[in-house]
Amino acid sequence: MAKLDSKVPKGPIKDKWTTYKDKIDLVNPANKRHIDIIVVGTGLAGGSAAATLAELGYNVKAFAYQDSPRRAHSIAAQGGINASKNYMGDGDSNYRLFYDTVKGGDYRSREANVYRLAEVSGNIIDQCVAQGVPFARDYGGLLDNRSFGGVLVSRTFYAKGQTGQQLLLGCYSAMNRQIARGKIEMFNRHEMLDVVKVDGKARGIIARDLISGKIERHSAHAVVIATGGYGNVYFLSTNAMGSNATAAWKIHKKGAFFANPCFTQIHPTCIPRSGDYQSKLTLMSESLRNDGRIWVPAKLEDAKAIQEGRLKPTELAEDDRDYYLERRYPAFGNLVPRDVASRAAKERCDAGYGVNATGEAVYLDFAAAFQRYGKEQAKIKGIKDASKEEIIKLGQEIIEEKYGNLFQMYEKIIAENPYETPMMIYPATHYTMGGVWVDYNLMTTVEGLYCIGEANFSDHGANRLGASALMQGLADGYFVLPYTIGDYLSDDIRTGEISTDTKEFDEVEKEVKDKIDFFINNKGTKTVDHFHKRLGKVMWDKVGMSRNEKDLKEAMAEIKAIREEFWKDVMVPGNASEMNPELEKAGRVADFLELGELFAKDALVRNESCGGHFREESVELDGEQKGEAKRNDKDYAFVSAWEYKGEPADAVLHKEELEFKDIELKQRSYK
Ligand SMILES: Cc1cc2nc3c(=O)[nH]c(=O)nc-3n(C[C@H](O)[C@H](O)[C@H](O)COP(=O)(O)OP(=O)(O)OC[C@H]3O[C@@H](n4cnc5c(N)ncnc54)[C@H](O)[C@@H]3O)c2cc1C
């Protein structure tokens, strides 16, 4: 059995990373030329890693299933990226970013990793500015910041509502430089279908060329998985439709432990679901909570009238509205962390106060911001006695400058003008804090196999703060992995090229081909989506925002039953030697059907409420926190790392006990 050793360096937290870097083994430049690294995934995490490793002199083979790294899901990131630069002079520091991240994650992350993340966060901004990323600037030309949920400072750097896109273009240009030099060999439209181990070490992958269907072998001295999160296990999520868990799940089956699978983030500000035929949900950036106020009607009869279309939200008097976040959490108000905001919305909607036809929506209202900004603008522009209409128009112009593209997107989808009527929002699956377990070096429990970005179990504990995923992915790729992987590869300078003509590659390739042949020849009666939707419904209903023992046990049994039916009755049209999106989906959903069950099992074992994981059995019963989530540090201050043993129900739990030496464990209070 693999031993769970986090390999956190000794010494004070502030010095760990520096001392580590001072002491690790390095690979000399001439030797780097003889070392190959496979990077699977070229979103922000994989793209930044590939570019940096190639810049250092390694030979990189990079893989992505899209037709270009520019299409990775990272492009969708809207709101921004955190860094503790303290440009606003509001008291930020590395320690505060570290503290906020550990607290925001409800004390379920590894302190040393989070401190390192905060430490390198400033470098990311410098690196991206040097690449030409057009971050927003203030009136003096300096980089601007805004605030995100769960913190009391403004540390989020942004490029309108398109931060991920701009960061990805910067990263892609860094990659392109290396592609042109021949240091990165880019395999677009290639899907990794398994990893190959030789003598216990990751030495290659089996990939399918998605255009020709050809199965290929690729070898390397180390393999890096940067394949993103598994939110699509819920079928409906804000993730790109192609986002999947196959690479992460396949390495899990080959020995990489899977950590905290039940830690999922349900984002509070998404466009509500409209019906049964929807295949995708859309995020409204969290940045909108800076200026929008969240409310539902205070009286049930008003909520009912709104649901039935008899009353408009703009007709409801201030006193008849319940700004429930401001009421319950006066200190943080609308800027409470995502898990808290999501649960509060669900609580109001479950109680009947929802504001759309399905009763699953709350308002995000900018009317007060129009007034506030409008009055300020009237003063700045010297307009005396501005009319109410003039003030609103001036305020709307400011909001348009800040979030115009998001308002436009909302109007296109909902066909309502959010400048005139409040937006409707509802929580949706958005991000997965769980993922492949990695040590301080970002290495999995398989030697030479690394995992970075959203695909690993990350630094966000049980709940990620807004704008911290981009920070983590780019920290991993630009500033952490390039050091830690060198330490490992320094032992490989005499190994020489890894052959693909070996029994290990034969065996894994055969497994991959057999599975593809099975799908093509099964001739079942139901589509892949049929099963994926059913899985998603079980996940949302029983392993969603609120969980209990009975539901979780049922979910495990139901997912197993869906999986068995899938293998008997799935229908995949077309054949294997052509572009076949249904075949691609079949493999991915097969993996989701296993991961979903482990997810429920992990949630069942963790009988405490923490972060995004709310157990109905673990709630504060008295005092100021009555009704809030109750964490249990005595029994659950650990990372659960699951070892694959065949059926997901048989997975074996290993615990990485978490030590908190630099932060006092406290109950999270945003009141
Ligand atoms: C709508 C939305 C908005 C967001 N906004 C923000 C924000 O403002 N700030 C923030 O910090 N975070 C945000 N996030 C989260 C953040 O965008 C993601 O966590 C982050 O971009 C993930 O980056 P990644 O590189 O780990 O993975 P991805 O960007 O998902 O990239 C995965 C890569 O892996 C490849 N891949 C996957 N499987 C395989 C395989 N089997 N074989 C080959 N290639 C494979 C894909 O082709 C792709 O290149 C947002 C998320 C969403 C959904």
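Everything discussed here concerns the structure shown above.
In what follows, the accompanying structure is described. Only a predicted model underlies this, so the values are computations on that prediction, with no experimental measurement involved. (Residues numbered from 1 in each chain as written. Predicted model: local features only at pLDDT ≥ 70, side-chain atom pairs only at ≥ 80, totals over all residues. Heavy atoms only, no water.)

1. Describing the overall build of the protein
At step 1: From N to C terminus, the protein includes 18 helices and 19 strands.
At step 2: Scored against the burial criterion, the 671 residues of the protein give a buried share of 61%.
At step 3: Put simply, 75% of the contacts in the protein that link residues at least 6 apart link residues at least 24 apart.
At step 4: With the model as given, the accessible surface of the protein reaches about 26,000 Å², and the carbon-plus-sulfur share is 49%. (Helix = DSSP H or I, 4+ residues; strand = E, 2+ residues; numbered from the N terminus. Buried < 20%, exposed > 50% of the residue type's maximum accessible area, 1.4 Å probe, protein only. Contact = heavy atoms within 4.5 Å. Areas by Shrake-Rupley, 256 points an atom, 1.4 Å probe, with all protein chains shown as cover.)

2. A look at the site of the ligand
At step 1: Around the ligand, 38 residues are found, and the nearest of them are Q66, S74, G79, E454 and L470.
At step 2: One of the side-chain N or O atoms of E454 is found 2.6 Å from an oxygen atom in the ligand.
At step 3: For the ligand, the protein covers 97% of the area, taking 1,000 Å² as the surface of the free molecule.
At step 4: Elements that contribute at least two residues to the shell around the ligand include exactly α3 (44-56), β6 (190-198), β15 (423-432) and α13 (469-489). (Near = heavy atom within 4 Å. Polar contact = N/O pair within 3.5 Å; in protein donor to acceptor, adjacent residues only side chain to side chain.)

3. What to know about the pattern of salt bridges
At step 1: All chains considered together, the criterion is met by 62 salt bridges.
At step 2: The residue R155 makes a salt bridge to D92 at a minimum N-O spacing of 2.8 Å. In this pair, R155 sits in the loop between α5 (111-131) and β4 (156-157) while D92 sits in the loop between β3 (81-82) and α4 (94-104), placing the two residues 63 residues apart along the sequence. Take R155 and D92: they sit in the same class, and that class is buried.
At step 3: Across the pair K526 and D569 runs a salt bridge, and its minimum N-O distance is 3.2 Å. Pair noted here: K526 is in the loop between α14 (503-522) and α15 (528-542) and D569 is in helix α16 (residues 549-569), with a separation of 43 residues, a long-range link.
At step 4: K526 gets classed as partly exposed once you look at its relative accessible area, which sits at 27%.
At step 5: The network of salt bridges with shared partners includes D106, R108, D339, R343, R606, E608, R631, D633 and R668. (Salt bridge = Lys/Arg side-chain N within 4 Å of Asp/Glu carboxyl O.)

4. Considering the packing of aromatic side chains
At step 1: In the structure shown here, the tally under the stated rule is 31 aromatic pairs.
At step 2: Both rings, one in F63 and one in F187, keep their centres 4.6 Å apart while their planes meet at 5°; by these two values the pair is stacked. Separated by 124 residues along the polypeptide, F63 in strand β2 (residues 59-63) and F187 in strand β5 (residues 184-187) bring together distant segments of the chain.
At step 3: F187 sits in the buried class, given a relative accessible area of 13%.
At step 4: Residues Y107 and F660 carry aromatic rings whose centres are separated by 6.2 Å and whose planes lie at 75° to one another, so their mutual orientation is edge-to-face. Of the two residues, Y107 is situated in the loop between α4 and α5 and F660 in the segment after β19 (652-657); the sequence distance between them amounts to 553 residues.
At step 5: Under the relative-accessibility criterion, F660 is labelled buried at 17%.
At step 6: The structure contains a cluster of three or more aromatic residues connected by ring pairs, namely Y230, Y234, W249, F258, W540 and F599.
At step 7: Across from the ring centre of Y483, 5.3 Å away, lies the NZ or CZ of K21, which sits over that ring.
At step 8: Over the face of the ring belonging to Y65 we find R588, whose NZ or CZ atom lies 4.8 Å from the ring centre. (Phe/Tyr/Trp six-rings, centres within 6.5 Å; stacked < 30°, edge-to-face > 60°. Lys NZ or Arg CZ within 6 Å of the ring centre and 35° of its normal.)

5. Here we look at the sheet that holds strand β14 (residues 362-365)
Strands in a sheet are paired, the pairing made by backbone hydrogen bonds, and the direction either parallel or antiparallel.
At step 1: In spatial order, the strands read β11-β15-β14-β12-β13; together these five strands make up an open sheet with antiparallel pairing. Taken across any chain shown, the strands that pair with only one partner, and hence form the sheet edges, are β11 (264-270) and β13 (321-322).
At step 2: By the bridge criterion, five bridges tie β11 to β15 in an arrangement that is antiparallel. When the bridges of β15 are listed, Q265 appears paired with Y431.
At step 3: Each of β11, β12 (293-297), β13, β14 and β15 touches helix α10 (residues 338-350); the most contacted strand, β11, lies at about 65° to it. (Pairing = 2+ DSSP bridges. Axes fitted to C-alpha atoms, helices over the stretch in contact; angles between N-to-C directions.)

6. A word on α3
At step 1: Over its 13 residues, α3 extends 18 Å from the first C-alpha to the last, a length consistent with the 18 Å expected when each residue adds 1.5 Å.
At step 2: Most of α3 is tucked away, with 11 of its 13 residues classed as buried.
At step 3: The set of residues buried in α3 consists of L44, A45, G46, G47, S48, A49, A50, A51, T52, L53 and A54.
At step 4: The elements touched by buried residues of α3 are β1 (36-40), β2, α6 (163-181), β5 and α13.
At step 5: Residue G57 follows α3 closely and has a positive phi angle near 115°. (Expected span 1.5 Å × (residues − 1).)

7. As for unusual backbone geometry
At step 1: We note that R189 has phi near 55°; this positive angle belongs to a residue other than glycine.
At step 2: Relative to the helices and strands, R189 is located in the loop between β5 and β6.
At step 3: A positive phi angle is found at D199, which is not glycine, with a value near 50°.
At step 4: One can find D199 in the loop between β6 and β7 (201-209).

8. Some remarks on the pairing of β15
At step 1: The buried fraction of β15 is high, at 10 of 10 residues.
At step 2: Of the strand pairs in this sheet, β14 and β15 are connected by three bridges, and their pairing is antiparallel. The residue bridging L364 from the neighbouring strand is M423, located in β15.

9. Focus: the packing of helix α7 (residues 246-253) against helix α17 (residues 581-605)
At step 1: Running from N to C, α7 and α17 cross one another at 65°; their axes reach a closest spacing of 9 Å. As for the relative orientation of α7 and α17, their crossing is left-handed in sense. Contacts between α7 and α17 pair T246, W249, K250, H252 and K253 from the former with G587, R588, D591, E594, L595 and L598 from the latter.
At step 2: Broken down by class, the residue content of the contact of α7 with α17 amounts to three nonpolar, three polar and five charged. (Left-handed = near helix turned anticlockwise from the far one by under 90°. Nonpolar A, V, L, I, M, F, W, Y, C, P; charged D, E, K, R; others polar.)

10. A word on empty space enclosed by the protein
At step 1: A full pass over the atoms with the stated rule returns two cavities of 30 Å³ or more.
At step 2: The space that makes up the largest cavity amounts to roughly 90 Å³.
At step 3: Lining of the largest cavity is provided by 15 residues; of these, N113, R116, L442, D459 and D476 occupy positions nearest its centre.
At step 4: Going through the elements one at a time, α5 and α13 are the ones with two or more residues in the lining of the largest cavity.
At step 5: Quantified by volume, the second largest cavity comes out at close to 50 Å³.
At step 6: Together, T264, I266, D339, S342, R343, M545 and G612 line the second largest cavity.
At step 7: At the level of elements, β11 and α10 are the ones that each hand at least two residues to the lining of the second largest cavity.
At step 8: At three residues, the largest contribution of residues to the lining of the second largest cavity is made by α10.
At step 9: A class-by-class count of the residues in the lining of the second largest cavity yields two nonpolar, three polar and two charged. (1 Å grid on protein atoms, 1.4 Å probe; cavity = no way out; pocket = protein on both sides within 12 Å on 5 of 7 lines; lining within 4 Å. Points joined across faces, edges and corners; volume = space filled by probe spheres on them.)

11. Considerations on the layout of surface pockets
At step 1: Within this model, the second largest pocket holds a volume of roughly 630 Å³.
At step 2: Top element by residues in the lining of the second largest pocket is helix α12 (residues 388-414). It accounts for six residues.
At step 3: The residue makeup of the lining of the second largest pocket, split by class, is seven nonpolar, three polar and 11 charged.

12. Side note on α15
At step 1: Taking 1.5 Å of rise per residue, 15 residues should cover 21 Å, and α15 covers 21 Å from first to last C-alpha, within 8% of that figure.
At step 2: Residues V528, F531, H532, L535, G536, V538, M539 and K542 constitute the buried set of α15. Buried residues along α15 cover an arc of 165° about the axis, so they all sit on one side.
At step 3: Buried positions along α15 lie against α16 and α17. (Arc of directions from axis to C-beta.)

Interpretation in functional terms is not warranted from these geometric data alone.
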